[in-house]
Amino acid sequence: MRAILPEDSLLSAQEAISLFVSKVPPERRIKEIEITDALNKISAEDVYSPIDLPPFSRSTVDGFAVKSSFTPGKFKIIGKINIGEYKKIEISDNEAVEVDTGAMIPKGADAVIKIEETKIEGEYVEIPKKLNFGTNIAWIGSDVPRGTQILYKGEKITPEKIAFLASAGIGKVKVYEPPSVYVISTGDELIEPGKELQPGKIYESNLHFLISRLKNDGYNVVGHKVVGDDKDKIEEALEEASEIADVIIITGGTSAGEKDLVHQIIREKGEIIVHGLKFKPGKPTLLGKFNGKPVFGLPGNIVSTIMIYDRVIRNYLSLMKGEENTTEETEYAQLLLPVKADKKRFTYIPVYLVQGFAIPIPFDSYMVGSFSLADGFIGLEPGTELKEGDRVEVIIKRKDMRITLIGEEDKRFDNLNVRKIYLGSQVSCKALEKGIGDIVVVSSLFCTPNNYDYLIERRILEQGEGDEVGYFDWLGLSKFNRNPSVKLKSPSTVLNFLGKAKVFAPEGYLKEGKELGKEKLFVIVRNKEAFKFLNGIF
C-alpha cells in the first residue's frame, strides 16, 4: 500500500516533535549514583550545599597565625597546625601558631603572616609589620554559604560541579538514566561494509551513523539489525526491539513505494502519530508507537538520517534523559562591567551570561563553588584591561535558561525557584540600564528606579564588638561600611562571625541588634512570566 504525503498537510520538525511529545510523553527513570560516575549525567533533583565553603576558616599561606591587634612585635610560638589537622589551640596576646596553607586557624587568631616575612629566633617569631584583621585567611563561608544551590533539576553535571559536590561532602546524586535504543536498517539493496559490493547494491551506512552518534551522545545501544524488505522479518525485528529497548529507530520503508513496508507494519500493529515532515531532506519521516514504545521511522537516505536525528530524534531523547538545551561552545557577549587580568599571568574570569551580556563574577582561586556556578569564562592575556561594553569571547560551560533574578539578596527569596545572580546593586543598576534580567532587585542606597513592581523595606542591625566585618562594594549593604577588616559577599555568612567581630546584616539574617539604619529594595519584574514565581512573597 502506497503512502501519499500531501505537501499542505505536512508539519515542521518543531510542530512534529511537539505533537509527538504530547501523544507519547518521554518516560524518565531516576537512579542514585556515585558522584564519580555522574559526569555528563542529568541531575534529577535540586541539590544544596549542607555546609559552608570553606567549612572552617583556614590559612591561605604557610606562616604564623596571630592576633592582628598586637602586630608588629615578638610572638611566642606555642604550636603548629598542619593541613588536615584539628588541634584545640587557643592563642593569647603575643602568641603565634605556625600553620600550613589550608590549615585551620587556631581560636583567637585573626590574621596570618607569610613565613618568609618573619624572623624566627628559637621559640619566638618576629613580625616586623602591622597586620590587618583577616590578612591571609579564607573565612568560613567566604566561597559559598550553607544552602547554596549546587545543582538544579535538569542540569548537566560537569567536572566542576562534581568538585563542588565533593567539596560539600555529597557522595551520591540522583540522575536520569539515559534511554536505551535499538536500531534497525531495512532494504534489499544493503550490503555490510567490508563485503564485496554487488551490482545494484549499496553499502549500509545509516546503522553505522546512528550507532556511533547515539553512543557519542551518551545513549545505550542495546541492539541493532539489518533486515531485507520482508514484512515478517521487519515485524520480527520490531518485536525484538520493543522487548529490550526504550526507543526504536528504523531506517528505510517509510516512503510511498510498494516495498516501503515499515509504515504499513506500524499502522497495522501500532500507531502512527506523524507521517511526513515539511523538511528537505527527510520528508517521509514517521513518528509513532509500536508495543507502546516510541518509534522513529527514517527515510533510507543517509543525509535524511543525519538531519532528522539532529532536528527531531535528538530532541526527544534529550527529554527522556532529562536534558535541557545546554551546549559546550563559545559565544560573544558584551561586558556589563570592566575587568582586568593579573599583571603577570594569563587570567580566567568566570562570568554569568544574561541576554547577550557577560557579568564578571568576583573570584579567587580557591572558590570552586563560584567557578562551577558560572555559565562560562573569559581568558585574558597578562595585563589586559577591558572596559564596560567591550566585546568578549566566552567559553561556555553551560546555558542556564531559567528565569533570572539579578541583584540584592534577601531572605524572602531563599525558596524562589529561579536562577539567582546575587551580585548586588552595582550589577543590578547596570542591568536596569541595559534592559537585561527577568527580576531585578536594586538597593535604594545605590540607585532609585523610575518604576518598580514591589518594595521591600528592611532594618539593618549590628551586633558585637571589635574589628568590623563589612561587605564588598557592589552590595547595597556596603554603604554601611565604616572601616571593615573583612568584606563579605553575602549576608548569609555573617553568622559565622558572631562573637568574633562587629557585624551587621538585614533583619532576618540577624535576630537582634542595634539598628544602624534602613534600606529599601526595589523589585522590578521585566518578564511577565516571572510574576508567578513571586506569588506568596508579596
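Bear in mind that the values here come from a model prediction, so they are computed numbers and not experimental data.

Asker: Mind showing me how you'd approach the overall build of the chain here?
Answerer: What the chain contains, in helices and strands, is eight helices and 36 strands. Here the C-alpha atoms of the chain give a radius of gyration of 30 Å, more than 25% beyond the 24 Å that 2.2 N^0.38 yields for 538 residues. Across the 538 residues that make up the chain, the buried fraction comes to 50%. For the chain, long-range pairs separated by at least 24 residues make up 70% of all intrachain contacts whose partners lie at least 6 apart in sequence. As presented, the chain carries roughly 25,300 Å² of accessible surface, and 47% of it is formed by carbon and sulfur atoms. If you average the places of the 73 positive and of the 79 negative side-chain charges in the chain, the two averages end up 3 Å apart.

Asker: Explain a nonpolar patch on the surface here, please?
Answerer: Together, Phe346, Tyr348 and Ile395 make up a nonpolar patch on the protein surface, roughly 290 Å² of accessible area in all. By relative accessible area, tyrosine 348 is classed as partly exposed at 45%.

Asker: I keep staring at the pairing of strand E32 (residues 454-463) and nothing clicks. Help me out?
Answerer: Each regular strand shows side chains that alternate between the opposite faces of the sheet. Bridge count between E32 and strand E36 (residues 514-525): nine bridges; the pairing is antiparallel. From the neighbouring strand, glutamate 457 faces E36, where its bridge partner is lysine 520. Where E32 meets strand E35 (residues 502-506), four bridges bridge the pair, whose relative direction is antiparallel. Looking at the pairing, isoleucine 460 lines up with proline 506 of E35.

Asker: Is there a simple way to think about the packing of helix H4 (residues 231-244) against helix H5 (residues 262-269) in this case?
Answerer: Packed helices, taken two at a time, are described by their axes: the angle between them and the distance between them. In the contact formed by H4 and H5, the axes pass within 10 Å of each other and the chain directions differ by 60°. Between H4 and H5, the angle falls in the class oblique. Where H4 crosses over H5, the handedness of that crossing is right-handed. Facing H4, whose interface residues are Lys231, Ile234, Glu235 and Leu238, H5 presents Val262, Gln264, Ile265, Glu268 and Lys269.

Asker: Just to check I follow, could you spell out the sheet that holds strand E5 (residues 63-66) for this structure?
Answerer: Two orientations exist for strands paired in a sheet by backbone hydrogen bonds: parallel and antiparallel. Read from one edge to the other, the open sheet built from six strands follows the order E8-E5-E7-E6-E10-E9, with strand pairing classed as mixed. The open sheet terminates on both sides in strands that have one partner only, identified here as strand E8 (111-114) and strand E9 (119-121). On average, adjacent strands in this sheet sit at an angle of 40° to one another, irrespective of strand direction. Here strand E6 (residues 73-81) runs beside strand E10 (residues 124-127); their pairing, made up of four bridges, is antiparallel.

Asker: I tried to follow unusual backbone geometry on my own but got confused; where do I start?
Answerer: Trans peptide bonds make up the majority, and among non-glycine residues the majority have a negative phi. In this structure, proline 54 follows leucine 53 across a cis peptide bond, with omega equal to -10°. With respect to the helices and strands, proline 54 occurs in the loop between strand E3 (47-48) and strand E4 (58-59). A cis amide bond links threonine 71 with the next residue in sequence, proline 72, at an omega value of -5°.

Asker: Sorry, what's going on with the state of the cysteines here?
Answerer: Here, the word disulfide means a covalent bond between the sulfur atoms of two cysteines. In total, this model carries one disulfide according to the counting rule given. Put simply, cysteine 429 and cysteine 447 are joined by a disulfide, and their sulfur atoms are 2.0 Å apart. The chirality of the disulfide connecting cysteine 429 with cysteine 447 is left-handed, given an S-S dihedral of about -95°. Here the residue cysteine 429 occupies a position in helix H8 (residues 424-434), and cysteine 447 occupies one in the loop between strand E31 (439-443) and E32, the gap between them amounting to 18 residues. On the basis of relative accessible area, cysteine 429 is assigned to the buried category, the value being 16%. On the accessibility criterion, cysteine 447 (22% relative accessible area) is partly exposed.

Asker: What's the story with the sheet that holds strand E29 (residues 404-407) in this structure? I'm lost.
Answerer: The mixed open sheet is built from eight strands, whose spatial order is E30-E29-E31-E36-E32-E35-E33-E34. Only two strands of the sheet have a single neighbouring strand rather than two, namely strand E30 (419-421) and strand E34 (486-488). Each neighbouring strand pair of the sheet contributes to a mean axis angle of 25°, computed without reference to strand direction. Sheet topology places strand E33 (residues 468-471) next to E35; two bridges connect them, and they run parallel. The residue bridging valine 469 from the neighbouring strand is valine 503, located in E35. Set on the sheet, H8 makes contact with E29, E31 and E36; between it and E31 the angle comes to about 125°.

Asker: Even after reading the chapter, I still don't get the packing of aromatic side chains, so can you show me in this structure?
Answerer: For any two aromatic rings, the description comes down to two numbers: the centre-to-centre distance and the angle of the planes. Tallied over the full model, the rule gives 13 aromatic pairs. Measuring from centroid to centroid gives 5.1 Å for phenylalanine 20 and tyrosine 316, while their planes differ by 45°, and the two rings are tilted. Separated by 296 residues along the polypeptide, phenylalanine 20 in helix H1 (residues 13-23) and tyrosine 316 in helix H6 (residues 302-320) bring together distant segments of the chain. Classification of phenylalanine 20 by relative accessible area gives buried; the value is 0%. Taking 4.2 Å as the distance between ring centres and 10° as the angle between the ring planes, the aromatic pair formed by tyrosine 454 and phenylalanine 538 counts as stacked. Pair noted here: tyrosine 454 is in strand E32 and phenylalanine 538 is in the segment after E36, with a separation of 84 residues, a long-range link. Residue classification places phenylalanine 538 among the partly exposed residues on the basis of a relative accessible area of 37%. The structure contains a cluster of three or more aromatic residues connected by ring pairs, namely Phe20, Phe296 and Tyr316. The ring centre of tyrosine 332 lies 4.1 Å from the NZ or CZ of arginine 391, which sits over that ring. In this structure, lysine 479 packs its charged tip against the face of phenylalanine 446, placed 4.6 Å from the ring centre.

Asker: Help me understand the nonpolar core, please; the structure alone is not making it clear to me.
Answerer: Within soluble globular proteins, side chains that are nonpolar generally end up buried alongside one another. Ranked by internal contacts, the top residues of the largest apolar core, which has 32 residues, are Val99, Val112, Val469, Tyr471, Leu488 and Val494. Going through the elements one at a time, strand E7 (95-99), E32, E33, E34 and E35 are the ones with two or more residues in this core. With three residues, the single largest contributor to this core is E35. With residues near it in sequence (within four places) discarded, valine 494 still touches Tyr471, Leu488, Val503, Phe504, Ala505 and Leu510. Residues Ala38, Ala168, Val175 and Leu337 belong to the second largest nonpolar core, which totals 31 residues.

Asker: Which parts of the structure should I look at to understand the pattern of salt bridges?
Answerer: Pairing between side chains becomes possible if they bear opposite charge and their charged atoms approach one another. What the rule picks out here adds up to 40 salt bridges. Of the charged contacts, one joins glutamate 268 and lysine 231 as a salt bridge, the two residues approaching to 3.1 Å between their closest N and O atoms. In this pair, glutamate 268 is assigned in helix H5 and lysine 231 in helix H4, connecting sequence segments 37 residues apart. Put simply, Glu155, Lys161, Asp375, Arg398, Asp400, Arg402 and Arg419 are held in one network by salt bridges that share partners.

About the cut-offs
Residues numbered from 1 in each chain as written. Predicted model: local features only at pLDDT ≥ 70, side-chain atom pairs only at ≥ 80, totals over all residues. Heavy atoms only, no water. Helix = DSSP H or I, 4+ residues; strand = E, 2+ residues; numbered from the N terminus. Rg over C-alpha atoms; globule rule 2.2 N^0.38 Å. Buried < 20%, exposed > 50% of the residue type's maximum accessible area, 1.4 Å probe, protein only. Contact = heavy atoms within 4.5 Å. Areas by Shrake-Rupley, 256 points an atom, 1.4 Å probe, with all protein chains shown as cover. Lys, Arg positive; Asp, Glu negative; His and termini not counted. Charge placed at Lys NZ, Arg CZ, Asp CG, Glu CD. Patch = residues over 30% accessible without salt bridge, like charges linked within 9 Å, V, L, I, M, F, W, Y side chains within 5 Å. Salt bridge = Lys/Arg side-chain N within 4 Å of Asp/Glu carboxyl O. Pairing = 2+ DSSP bridges. Axes fitted to C-alpha atoms, helices over the stretch in contact; angles between N-to-C directions. Parallel < 35°, antiparallel > 145°, perpendicular 65-115°, else oblique. Left-handed = near helix turned anticlockwise from the far one by under 90°. Disulfide = S-S within 2.5 Å. Phe/Tyr/Trp six-rings, centres within 6.5 Å; stacked < 30°, edge-to-face > 60°. Lys NZ or Arg CZ within 6 Å of the ring centre and 35° of its normal. Core = buried A, V, L, I, M, F, W, Y, C linked by side-chain atoms within 4.5 Å.

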